[in-house]
Amino acid sequence: MQKEIQEKCGNILKSLRITNGDKFHLKDIAPGDTAGLDDKAEARALTARAGEWLAAEGEKLYAQDRWSVLIMFQAMDAAGKDGTVKHVLSGMNPQATHVTSFKAPSAEELDHDFLWRCSKSLPERGRIGVFNRSWYEEVLVVRIHEALLQKQKLPKSLISKDIWKERLEDIAAYERYLARNGTVILKFFLHVSKDEQKKRFMERLDEPEKNWKFAPSDIAERAHFDEYMGAYEHAIRATAAPWAPWYVIPADKKWFTRLAVSAAIVKALDDLNLAYPEVAPEQREAFAKARASLEAE
Ligand code: ATP
Ligand code: MG
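Below is a short write-up of the structure.

Basis of the calculations
- Numbering of residues begins from 1 in every chain and follows the order in which that chain's sequence is written.
- All chains are assigned letters beginning with A, and all ligands numbers beginning with 1, in the order in which they are written.
- Selection of residues for local features in this predicted model requires a pLDDT of at least 70, selection of side-chain atom pairs for listing and counting requires 80 or more, and totals for whole chains, interfaces and linings are taken over all residues.
- To get the side-chain values, take all heavy atoms of the structure and skip hydrogens and water.
- Side-chain rings of Phe, Tyr and Trp, where Trp is taken by its six-membered ring, are said to pair if the distance between their centres is within 6.5 Å; with planes under 30 degrees apart they count as stacked, over 60 as edge-to-face, and otherwise as tilted.
- Secondary structure follows DSSP: runs of H or I at least 4 residues long count as helices, runs of E at least 2 residues long count as strands, and numbering of each begins at the N terminus.
- Each residue gets one of three labels from its accessible area relative to the maximum for its type: buried under 20%, exposed over 50%, partly exposed in between, using a 1.4 Å probe on protein chains only.
- Distance and angle both matter: a charge sits over a ring if NZ of Lys or CZ of Arg is within 6 Å of the ring centre and within 35 degrees of the ring normal.
- Throughout this document, a residue counts as near a molecule or strand when at least one of its heavy atoms sits within 4 Å of that molecule or strand.
- For the purposes of these results, a polar contact is taken to be a pair of N or O atoms within 3.5 Å, where, inside protein, one atom must be able to donate a hydrogen and its partner to accept one; residues adjacent in sequence count only when each atom of the pair is a side-chain atom.
- Accessible surface is estimated by sampling points in the Shrake-Rupley manner with a 1.4 Å probe; for residues, cover comes only from the protein chains shown.
- Gly falls in the polar group here, along with every residue not listed as nonpolar (Ala, Val, Leu, Ile, Met, Phe, Trp, Tyr, Cys, Pro) or charged (Asp, Glu, Lys, Arg).
- By convention in these notes, a salt bridge is any Lys or Arg side-chain nitrogen within 4 Å of a carboxyl oxygen on Asp or Glu.
- To estimate how far a helix should extend, the number of its residues minus one is multiplied by 1.5 Å.
- To obtain an axis, a line is fitted to C-alpha atoms, over the contacting stretch when the element is a helix, and the angle between two such axes runs from 0 to 180 degrees between their N-to-C directions.
- Angles are sorted into four bins: roughly parallel if under 35 degrees, roughly antiparallel if over 145, roughly perpendicular if 65 to 115, and oblique for all others.
- Take the far helix as the reference: if the near one is turned anticlockwise from it by less than a right angle, the crossing is left-handed, and if turned clockwise, right-handed.
- Contacts between residues were defined by any pair of non-hydrogen atoms, one from each residue, lying within 4.5 Å.
- When DSSP finds two or more bridges between two strands, those strands count as paired.

**Description of the packing of aromatic side chains**
Step number 1: Within this structure, the stated rule accounts for 10 aromatic pairs.
Step number 2: Considering the side-chain rings of Phe188 and Tyr247, the 5.4 Å spacing of their centres and the 25° angle between planes classify their relative orientation as stacked. One end of the pair, Phe188, is in strand β5 (residues 183-191); the other, Tyr247, is in strand β6 (residues 246-250), with 59 residues separating them in the sequence.
Step number 3: Since its relative accessible area comes to 0%, Phe188 is described here as buried.
Step number 4: Three or more aromatic residues joined by ring pairs form one cluster here, namely Phe102, Phe131, Trp135, Tyr174 and Tyr177.
Step number 5: Of note, Arg176 hangs over the ring of Trp243, and the distance from its end group to the ring centre comes to 3.8 Å.

**What to know about the site of ligand 1**
Step number 1: Lining the immediate environment of ligand 1, one finds 14 residues, of which Lys81, Lys103, Arg133, Glu137 and Glu138 sit closest.
Step number 2: Here Arg117 contributes a side-chain N or O atom positioned 3.1 Å from a nitrogen atom of ligand 1.
Step number 3: Here ligand 1 loses 77% of its free accessible area of 630 Å² to cover by the protein chains.
Step number 4: Where the shell around ligand 1 is concerned, the elements lending two or more residues are α3 (81-89) and α6 (141-144).
Step number 5: Residue composition of the shell around ligand 1, grouped by class: 6 nonpolar, no polar and 8 charged.

**Some thoughts on the pattern of salt bridges**
Step number 1: Overall, the coordinates contain 17 salt bridges when judged by the stated rule.
Step number 2: Salt-bridge contacts for Lys27 lead to Asp28; the nearest nitrogen and oxygen are separated by 3.6 Å.
Step number 3: With relative accessibility at 70%, the residue Lys27 sits in the exposed group.
Step number 4: Here Arg127 and Glu124 are joined by a salt bridge, their closest N and O atoms 3.7 Å apart.

**A word on helix α13 (residues 281-295)**
Step number 1: Compared with an ideal rise of 1.5 Å per residue, which puts 15 residues at 21 Å, α13 spans 21 Å between its outermost C-alpha atoms and is within 8% of the ideal.
Step number 2: Burial analysis of α13 places just 0 of its 15 residues in the buried class, a small minority of the element.

**Thoughts on the packing of helix α8 (residues 163-180) against helix α11 (residues 225-239)**
Step number 1: Closest axis-to-axis distance for the α8/α11 pair is 9 Å, and the angle between their directions is 45°. Considering their axes alone, α8 and α11 lie oblique with respect to each other. As for how α8 packs across α11, the hand of that crossing is right-handed. Contact with α8, carried on its side by Leu168, Ile171, Ala172 and Glu175, involves His234, Ala235, Ala238 and Thr239 of α11 and no other residues of that element.
Step number 2: Partitioning the contact of α8 with α11 into residue classes produces 5 nonpolar, 2 polar and 1 charged.

**Describing the pairing of β5**
Step number 1: Counting buried positions along β5 gives 9 out of 9 residues, so the element sits mostly inside the fold.
Step number 2: Residues Thr183, Ile185, Lys187, Phe189 and His191 line one face of β5 and the alternating positions Val184, Leu186, Phe188 and Leu190 line the opposite face, and both faces are buried.
Step number 3: Sheet analysis places strand β2 (residues 68-75) next to β5, joined by 8 bridges and oriented parallel. Counterpart to Ile71 in the pairing with β5 is Leu186.
Step number 4: Judged from the 5 bridges that link them, β5 and β6 form a sheet pairing that is parallel. Paired with Lys187 across the two strands is Trp246, which belongs to β6.

Encoded structure:
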């Protein structure tokens, strides 16, 4: 099955998968792009099949207990993070997956280095961990609102003009370290346009069952939209690597977002060639004895 997804999505993923930031420009990826696909129903069916395949591979990942998979989602408000997480993980074994959402840090979290709270939530071997926002907030929201940086209780002498570059270096180095320890890292930026964001905010205001999704602070952040795009571009350029690729996913069409995200996760798990652990010869003997004893009951 994954072959079908691979074939259909291979080409679109190629331009969305960033493993070297040197030549990356955000403007090269349009939020409304659907890579030539226009059949929504077909895309949804493909996404569903990808979900089934992922569920089966997740079982092997869990049984093998070697790799862990860390999937990070970053986006502007209303880009569809929550819905995408829900869709992508819907078929997975709940015991083998864990979603962590990172909001404004607590007093305890501010008393530690900025990676600390995320480190505590990293997936164990055999598990899939999803970060809804991540350490990248430290070079996005904190960069745009410098008052947040002041709250972080850093010694003054360490807050230099290079702090964002330094943080990006530290993030890149930490991701390299995690990859070397068996963590498969996938980073998704759901790239929504300012126009589509406005439309979705309007829906949240107009439709009673969507009201709860709206926060007045969303409008304040929207005013910084362009600054955020600059910070995202810088972050992606500085931290894209073959062992920690960024996927910049056009997010104006939800059906496309979900298909592209599923396809990227399918690719990552497919590359691992997962298999159930093999039974050792001495275990086989034990199995034979167990069978004999059951049969003798
Ligand atoms: P949704 O709006 O879809 O429910 P969300 O992820 O936007 O989901 P919110 O509770 O609205 O959740 O927002 C969380 C807020 O916390 C975001 O504005 C984010 O930028 C902020 N945040 C996350 N990490 C940090 C951080 N390290 N420092 C300061 N603010 C942070
Ligand atoms: Mg929000």
